[in-house]
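# A structural walkthrough
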Amino acid sequence: GISWDTPIETLTLPAMLDRSVARNAERFALSFRDRRMTYRDLGHAADMFAAGLLNAGIGKDDAIGFYLPNSPHHVIGMFGATRTGARHLASMVKAG
């Protein structure tokens, strides 16, 4: 087993994604309905979302909210927001 005092590496969410992209670029990170996204694609989408937020003036310590149906967009938004240093709040829309 693992001892209670075993050191645990701490990483930020963006650093975890970067590590996953580096180690598992072509493996599937997300699967939703008939669409699959690799870690490389997820990293790229998060980067693009982060760039859009930064271009809109959203960055470190800002707060943003997502109101979306359950989809990969939640994951992309979470990673994109954390790349900018912004806080995010996600709320899912109930399917109809």
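Now for a quick tour of the structure. These numbers come from a predicted model, not from an experiment.

Thresholds applied
- Residues numbered from 1 in each chain as written.
- Predicted model: local features only at pLDDT ≥ 70, side-chain atom pairs only at ≥ 80, totals over all residues.
- Heavy atoms only, no water.
- Buried < 20%, exposed > 50% of the residue type's maximum accessible area, 1.4 Å probe, protein only.
- Helix = DSSP H or I, 4+ residues; strand = E, 2+ residues; numbered from the N terminus.
- Pairing = 2+ DSSP bridges.
- Right-handed = clockwise from strand over helix to strand, strands pointing away.
- Salt bridge = Lys/Arg side-chain N within 4 Å of Asp/Glu carboxyl O.

So, on to unusual backbone geometry. For residues other than glycine, phi is negative in most cases, and the peptide bonds are mostly trans. Of note, Arg33 is a non-glycine position whose phi angle comes to about 55 degrees, a positive value. Assessed through its relative accessible area of 75%, Arg33 is described here as exposed. In this model, Asp61 sits at a positive phi of 70 degrees, which is unusual for a non-glycine residue. Turning to its location among the elements, Asp61 is positioned in the loop between helix H2 (39-55) and strand E3 (63-69).

Time to look at the pairing of strand E4 (residues 87-93). Every other side chain in a regular strand lies on the same face of the sheet, so the side chains alternate between the two faces. Where E3 and E4 come together, seven bridges link them in parallel fashion. Across the sheet, the residue bridging to Phe66 is Ala90, located in E4. For the crossover from E3 across helix H3 (residues 72-84) to E4, the handedness is right-handed.

Note that side chains of opposite charge can pair when their charged atoms are close. Enumeration over the complete set of coordinates arrives at four salt bridges. Here Asp18 ties to Arg83 by a salt bridge, and the two come within 2.7 Å at their closest N and O atoms. With a gap of 65 residues between them, Asp18 in helix H1 (residues 13-24) and Arg83 in helix H3 connect regions that are remote in the sequence. Judged by its relative accessible area of 41%, Asp18 is partly exposed. In this structure, Arg40 and Glu26 form a salt bridge, with 2.4 Å as the shortest nitrogen-oxygen distance. On the criterion of sequence distance, the pair formed by Arg40 in helix H2 and Glu26 in the loop between H1 and strand E1 (28-32) is long-range, its members being 14 residues apart. Overall, the relative accessible area of 52% leaves Glu26 in the exposed class. Here the salt bridges do not stand alone but share partners, grouping Asp18, Asp47 and Arg83 into one network.

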